[in-house]
2 protein chains.
Amino acid sequence: MNETILTNYAALIARMGVNVQPGQDVVIEAELDQPDFVTRVAEACYGAGARTVRVQWSHQPLERLHVLHRTPEALAEVRPWEEARLADWAETLPCRIYLLSEDPDGLRDVDGAKLAAALQHKRRVAKPYRDRMENRYQWCIAAVPGAAWAKKLFPELDAAAAQERLWQAILSASRALEDPVAAWQAHNADLQARCAHLNGLGIRALHYTAGNGTDLTVGMMAEGRFHGGADRTLSGVVFNPNIPSEEVYISPRRGQAEGVVHSSMPLAYQGLLIDGFTLRFHQGRVTEVRAEVNQPLLEKLVAMDEGAAYLGECALVPYDSPIRQAGILFYNTLFDENAACHLALGAGFCDTVEGFEHRTLEECRALGVNDSILHEDFMIGTADLSIDAETFDGRTVPIFRQGRWAF
Amino acid sequence: MNETILTNYAALIARMGVNVQPGQDVVIEAELDQPDFVTRVAEACYGAGARTVRVQWSHQPLERLHVLHRTPEALAEVRPWEEARLADWAETLPCRIYLLSEDPDGLRDVDGAKLAAALQHKRRVAKPYRDRMENRYQWCIAAVPGAAWAKKLFPELDAAAAQERLWQAILSASRALEDPVAAWQAHNADLQARCAHLNGLGIRALHYTAGNGTDLTVGMMAEGRFHGGADRTLSGVVFNPNIPSEEVYISPRRGQAEGVVHSSMPLAYQGLLIDGFTLRFHQGRVTEVRAEVNQPLLEKLVAMDEGAAYLGECALVPYDSPIRQAGILFYNTLFDENAACHLALGAGFCDTVEGFEHRTLEECRALGVNDSILHEDFMIGTADLSIDAETFDGRTVPIFRQGRWAF
C-alpha cells in the first residue's frame, strides 16, 4: 500500500480517532502482523504530543496455545500487577487504540466454553475499573490486514495480494483513501443530522419487521438520544471510537423488548462463529435461543450474567452503506456491524442518555441503561427490513423502508 | 530452516536451557521477528509442564521512537504496575527465556546518553527484586535471526537468504544442528573438567599479556570457583543460562586489578558500538578510559555507579572456539563473548563463590564479589594472548598460550 495513504491513515487514527492530547499517554493493542504500521501510528501519536506510547502486542497462535494447555484457573487468572495496570489506566486515562487484524478462524479448534469462562472472569475483574473510566478517555478501534484474515476473505489470491486487497477494502470502508480528515468531517456532519432528526421525534419504541419473520418491538427511554460518528469525553475531547463507523445508535430501555428477531449475518465471537440464529424476547429478556451453528456458545453468552440477556444497543445502518456495497463479509464486527442494522446483547451506553454528564452511572442504569460484562453486536439488517418509530405522542413514523433510511 | 531442527532447538531451550519444572510459569522476552519460532518455544514449555507461558514482545523501531520522543523522565519511568510485576516474579520465580534478534545498529541514531540514563534508572528500580531472585530461578538467553541483524552480517545476500544463513550460524554455534541434547551433555562435561582442573590449582591471580600491550593482573578470592556450562538454582534445578556457551568464568576479587587491557572486538551496548578501547586499572578500579569509537558512552558506563568501574567477571574462551572458527563477528555479546576471552565491568556472580548456597548476598560481597547495576562483557582475547595463574602456594602455572588452553 502507498506510503502516503498509510501515513494519512495512521494520522487519522491518532488525530481524529483518539485525538491524542499533548502530554497524554497512549496504549495501543495490536497483533504482531503489521509492526511497520503500528510503529507509524505510534509515531503519529508522538507527533500529536503523546507523553508515552506503549504497545501491547498479542499473537493469536499463542492465545490458542494458552487455551489448549492452561488449566481453566490459569487461563482465567489476572495477576495482581495486571489489576494494578487497570487501576493505573483508570487513574491516568491513556488513549486506547485497538488495531484489529485477527484471523476469524484462529481459535476455531479450541474449547469455546473454557475460553468464554476465562474471559468472563477477566471482564468481571476489569469491570469496576472500566466503569470508573467510562466516558472519561478517548478510544478508537481500527483495522489492519492480518495475513490469515486476508487469506480467508480472498482465498483465490496469494498471501501478499490478499493482504493488499484487504488493505484496499479496509481503507475504502474507513474513508481513508482520499483526504480522510475532510471525508470524516463531512461524514460526521451527516450522521449528526440524522441523529438530530430522530431525537426530534420523541421515540417511545422501534418496531422492526422483515420477511424472515423478524417482528420485534424495543422500548426507548424518554431521555434516550441517538448518537453517531464522533463522540466526546466528559472533559470535552472529541474522538471517533470506530473507524469505520456508519451507524446511528441508542441504548434502549431495559425491560421493554417483545417479539422475535432473526440474525442476518454470522456473529464472530473470539474467533468462533455463531450463525443462523433467532432470539425471542419477552419483557426485555431473551427467553429463547436457537442457532444453526454454535447454539451452546450463544446460550453461554446470553447467560454470562443477568444483563447479558437484555439489549444494550439498537443501531441503524442503511443496507446501502459503503461497507455493504463493498460486497465483502469481513468476519469482523467492526466492519460487519457497519454493513447492517444491528442490536447488542449486554451493556448499554450511558452517553445516549440526555444530560448523562450530570448523572451518575447508577442514575443512568435506573433510567433503563442495561448493565453487563458483555456487549456483543449481532446483525439483523436485511434488504427488506422495515423500522417504524412509535412516538410518545402516538404517531407512527417510518424510519427504515426496504433496508434504508425512510427520511 | 528445517522444521525438525527448529523443533529440536525450541526443545533445547525449554528443556536444557531453562529446564521448565511442572507447574512453573515461564516468561519469554522476544522481538516480533520470529513469531513462529517463539510460539514453538512456548509450545515446548507447555509440553514440559509449564503452568503459564507469557511472551513480552518488543520491537526495536518502537524503542527507537520512545528514545527520540519521550522526555528523559518519561523514558526512565517505571509505572507502579511494572514494579508490581517485578515483585510478582521475585515471588513466583518464573523461568525467563530471552530470545535475542536485535539489529545491532537499530538504535545507532538515538541519544545514547539519554537512553543509558533511562536504563540506569530502570535497573536501579529492578535491582532489589533481582537481588532477591538471584540463583533462585532458571533463565536462558538464546538467539533467533532478526531480519536487520541477518542483513548486517550478510549484506551480499537477499533478506530471506541472509536470515537462513544466520539461522545456520546460530544453530551451528549453539550445537543445535544434530542431536542437541547429546551434544550439550558432552560439552558440559568438558567444561566441567576444565573447571575442576582450574579449581584444583588454588589461583591467587590471573596475569594477562598480549602483543597489543595488554598487561593486566586480576586478583581472585580464595573462595572463588570457576564455572562453565550448566548452572544450578539454590533448589537444585540444573539449567543452561547461555546457548551457546563456550566460556569458563569466575568473579574476581574486587579491588585487585592492576595494569592495562585492550579490547579485541567492538562492544555492542544497547544498539551502540564502542570500539578500539583501552582500560587502565589501579587497585581494582578503572582509572583511565580511551576509545576510538564512542568514548563518551564508555565513560558513562564506567561511571554508572560505584561498582561499574570494577570487574565482575573473568571468562576464559579459547581462540579456536567453534564460534571464532565460524569467522563471523555477530555484533551480539551472546555469540561474540564466546569467541574470545573477556572481562565484565560491573556486578559479579555469587555462584562462583564456594558454598554460596549457605552465604548471604552481603557475605559474598564482603568476600569480594562486585556489586553494580551494570554487567557488561568486553572482549580481550587475541590469537597471541597468554594467561598465567599465580597460585596461593607461589607457583606460576600457564593457563593460556597463543590464545588457547595450555593444559
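Residues numbered from 1 in each chain as written. Chains lettered and ligands numbered in written order. Predicted model: local features only at pLDDT ≥ 70, side-chain atom pairs only at ≥ 80, totals over all residues. Heavy atoms only, no water.

1. A look at the overall build of chain A
Move 1: Tallying secondary structure elements over chain A gives 13 helices and 20 strands in all.
Move 2: Here chain A has a C-alpha radius of gyration of 20 Å; the compact-globule value for 407 residues is 22 Å, and the two agree.
Move 3: When burial is assessed residue by residue, chain A has 57% of its 407 residues classed as buried.
Move 4: Residue pairs in contact within chain A that sit at least 24 positions apart in sequence constitute 75% of those at least 6 positions apart.
Move 5: In the form shown here, chain A has an accessible surface area of approximately 15,500 Å², with 49% of it arising from carbon and sulfur atoms.
Move 6: With 38 positive and 55 negative side-chain charges, chain A shows a separation of 3 Å between the mean positions of the two kinds. (Helix = DSSP H or I, 4+ residues; strand = E, 2+ residues; numbered from the N terminus. Rg over C-alpha atoms; globule rule 2.2 N^0.38 Å. Buried < 20%, exposed > 50% of the residue type's maximum accessible area, 1.4 Å probe, protein only. Contact = heavy atoms within 4.5 Å. Areas by Shrake-Rupley, 256 points an atom, 1.4 Å probe, with all protein chains shown as cover. Lys, Arg positive; Asp, Glu negative; His and termini not counted. Charge placed at Lys NZ, Arg CZ, Asp CG, Glu CD.)

2. Re the interface of chain B and chain A
Move 1: Contacts between chain B and chain A engage 29 residues on the former and 29 residues on the latter.
Move 2: Each partner contributes to the roughly 3,100 Å² buried at the junction of chain B and chain A, and carbon and sulfur atoms together form 60% of this total.
Move 3: Area buried by chain B at its contact with chain A is led by Tyr46, Arg54 and Trp81 of chain B, which between them contribute 23% of it.
Move 4: It is helix α5 (residues 80-92) of chain B that provides the largest number of residues to the side of chain B that touches chain A, a total of seven residues. (Buried area = accessible area lost by both parts, 1.4 Å probe.)

3. Some remarks on the packing of aromatic side chains
Two aromatic rings are characterised by how far apart their centres lie and by the angle between their planes.
Move 1: Overall, the coordinates contain 21 aromatic pairs over all chains when judged by the stated rule.
Move 2: Pairing Trp81 of chain A with Trp81 of chain B gives two aromatic rings, centres 6.4 Å apart and planes at 20 degrees, and the pair type is stacked. Taken together, the positions of Trp81 of chain A in helix α5 (residues 80-92) and Trp81 of chain B in helix α5 put the pair across two chains. Residues Trp81 of chain A and Trp81 of chain B agree in their burial class; the two are buried.
Move 3: Across the ring face of Trp81 of chain B, the terminal group of Arg85 of chain A is positioned such that the distance to the ring centre comes to 5.1 Å.
Move 4: In this arrangement the basic side chain of Arg96 of chain A is found over the ring face of Trp89 of chain A, its NZ or CZ atom lying 4.2 Å from the centre. (Phe/Tyr/Trp six-rings, centres within 6.5 Å; stacked < 30°, edge-to-face > 60°. Lys NZ or Arg CZ within 6 Å of the ring centre and 35° of its normal.)

4. Observations regarding the relation of the copies chain B and chain A
Move 1: Mapping chain B onto chain A is achieved by rotating through 180 degrees and translating by 0.0 Å along the same axis, at an RMSD of 0.0 Å. The symmetry that links the two subunits is that of a two-fold axis. Judged by C-alpha distance, Trp81 of chain B is the residue of chain B that lies nearest the rotation axis, at 2.6 Å.
Move 2: In this assembly, 100% of the residues forming the interface of chain B have copies in chain A that are likewise at the interface, indicating an isologous arrangement. (Least-squares fit on C-alpha atoms with pLDDT ≥ 70 in both.)

5. Regarding helix α10 (residues 295-302) of chain A
Since one α-helical turn is 3.6 residues long, residues separated by three or four positions face the same way.
All names here are of chain A.
Move 1: All buried positions along α10 are accounted for by Leu297, Leu298, Leu301 and Val302. Here the buried residues of α10 occupy an arc of 140 degrees about the axis, which is enough to place them on one side.
Move 2: The inward-facing, buried residues of α10 abut α6 (112-133), β12 (267-269), β13 (272-282), β14 (285-293), β16 (342-346) and β17 (375-379). (Arc of directions from axis to C-beta.)

6. Overview of unusual backbone geometry
All names here are of chain A.
Move 1: The omega torsion across Ile243 and Pro244 is 5 degrees, close enough to zero to call that bond cis.
Move 2: Along the chain, the position of Pro244 falls in the loop between β9 (238-239) and β10 (248-250).
Move 3: The phi dihedral of Asn135 falls on the positive side, at around 65 degrees, and the residue is not glycine.
Move 4: Looking at the secondary structure, you find Asn135 in the loop between α6 and β4 (139-143).

7. Section: the pattern of salt bridges
In a structure, side chains of opposite charge can pair up when their charged atoms sit close to one another.
Move 1: By the definition in use, this model includes 46 salt bridges over all chains.
Move 2: The shortest N-O distance in the salt bridge between Arg54 of chain B and Glu82 of chain A comes to 3.2 Å. One end of the pair, Arg54 of chain B, is in strand β2 (residues 52-58); the other, Glu82 of chain A, is in helix α5, on a second chain.
Move 3: What makes Glu82 of chain A buried here is its relative accessible area of 14%.
Move 4: In this structure, Asp105 of chain A engages Lys152 of chain A in a salt bridge whose closest nitrogen and oxygen atoms are separated by 2.9 Å. (Salt bridge = Lys/Arg side-chain N within 4 Å of Asp/Glu carboxyl O.)

8. Some details on the pairing of strand β6 (residues 215-219) of chain B
Residue and element names in this part refer to chain B.
Move 1: Summarising the sheet, strand β5 (residues 203-209) and β6 pair through five bridges and their orientation is antiparallel. What sits directly across from Ala205, in β6, is Gly219.
Move 2: Between β5 and β6, which follow one another and run antiparallel, lie five residues, and Gly213 among them has a positive phi close to 105 degrees.
Move 3: The pairing of β6 with strand β11 (residues 257-262) spans four bridges and is classified as antiparallel. Bridge pairing in β11 places Asp215 opposite Val260. (Pairing = 2+ DSSP bridges.)

9. Overview of the sheet that holds strand β2 (residues 52-58) of chain A
All names here are of chain A.
Move 1: Judged by pairing direction, the sheet is parallel, and its four strands sit side by side in the order β2-β1-β3-β4 without closing on themselves. Two strands bound the open sheet, and with one partner strand each, they are β2 and β4. Each neighbouring strand pair of the sheet contributes to a mean axis angle of 15 degrees, computed without reference to strand direction.
Move 2: In this sheet, strand β3 (residues 95-100) lies alongside strand β1 (residues 25-31) in parallel orientation, the contact comprising five bridges. Looking across to β3, one finds that Ala30 is bridged to Leu99. (Axes fitted to C-alpha atoms, helices over the stretch in contact; angles between N-to-C directions.)

10. Remarks on the packing of helix α1 (residues 3-17) of chain B against helix α9 (residues 180-201) of chain B
All names here are of chain B.
Move 1: Running from amino to carboxyl end, α1 crosses α9 at an angle of 45 degrees, the nearest separation of the two axes being 10 Å. Between α1 and α9, the crossing angle belongs to the class labelled oblique. Of the residues in α9, those in contact with Asn8, Leu12 and Met16 of α1 are Pro180, Val181, Trp184, Gln185 and Asn188.
Move 2: By residue class, the composition of the contact of α1 with α9 is five nonpolar, three polar and no charged. (Parallel < 35°, antiparallel > 145°, perpendicular 65-115°, else oblique. Nonpolar A, V, L, I, M, F, W, Y, C, P; charged D, E, K, R; others polar.)

11. Brief notes about the sheet that holds strand β17 (residues 375-379) of chain B
Move 1: As summarised here, the arrangement of the five strands in space is β7-β10-β15-β16-β17 (chain B), forming an open sheet in which the pairing is antiparallel. Every interior strand has two partners, whereas the edge strands, β7 (227-228) and β17 of chain B, have only one.

12. Topic: the pairing of strand β14 (residues 285-293) of chain B
Residue and element names in this part refer to chain B.
Move 1: Two elements, strand β13 (residues 272-282) and β14, share seven bridges in a ladder whose sense is antiparallel. Across the sheet, residue His282 finds its bridge partner in β14, namely Arg285.
Move 2: Here β13 hands over to β14 after two residues, with Gln283 in that stretch at a positive phi of 50 degrees.

13. Some points on the side chain of Arg85 of chain A
Move 1: One can find Arg85 of chain A in helix α5.
Move 2: Buried within the structure, Arg85 of chain A lacks any salt-bridge partner; Glu82 of chain A is the closest side chain of opposite charge, at an N-O distance of 4.2 Å.
Move 3: Sequence-distant contacts of Arg85 of chain A, that is, excluding residues within four places in its chain, are made with Gln56 of chain A together with Trp81 of chain B.

14. Focus: the confidence of the model for chain A
Move 1: Residues with a pLDDT of 70 or more make up 100% of chain A, whose mean pLDDT is 95.
Move 2: Among the prediction metrics, the complex's ipTM stands at 0.86, with pTM recorded as 0.88. (pLDDT = per-residue confidence, 0-100.)

15. Focus on the environment of Phe154 of chain A
Residue and element names in this part refer to chain A.
Move 1: Tracing the backbone through its elements, the reader meets Phe154 in the loop between α7 (147-153) and α8 (159-173).
Move 2: On the basis of relative accessibility, which here comes to 7%, the residue Phe154 falls in the buried class.
Move 3: Here the alpha-carbon distance between Phe154 and Ile328, two residues 174 residues apart in the chain, equals 9.6 Å.
Move 4: Among residues more than four places away in sequence, those in contact with Phe154 are Ala162, Arg165, Leu166 and Ile328.

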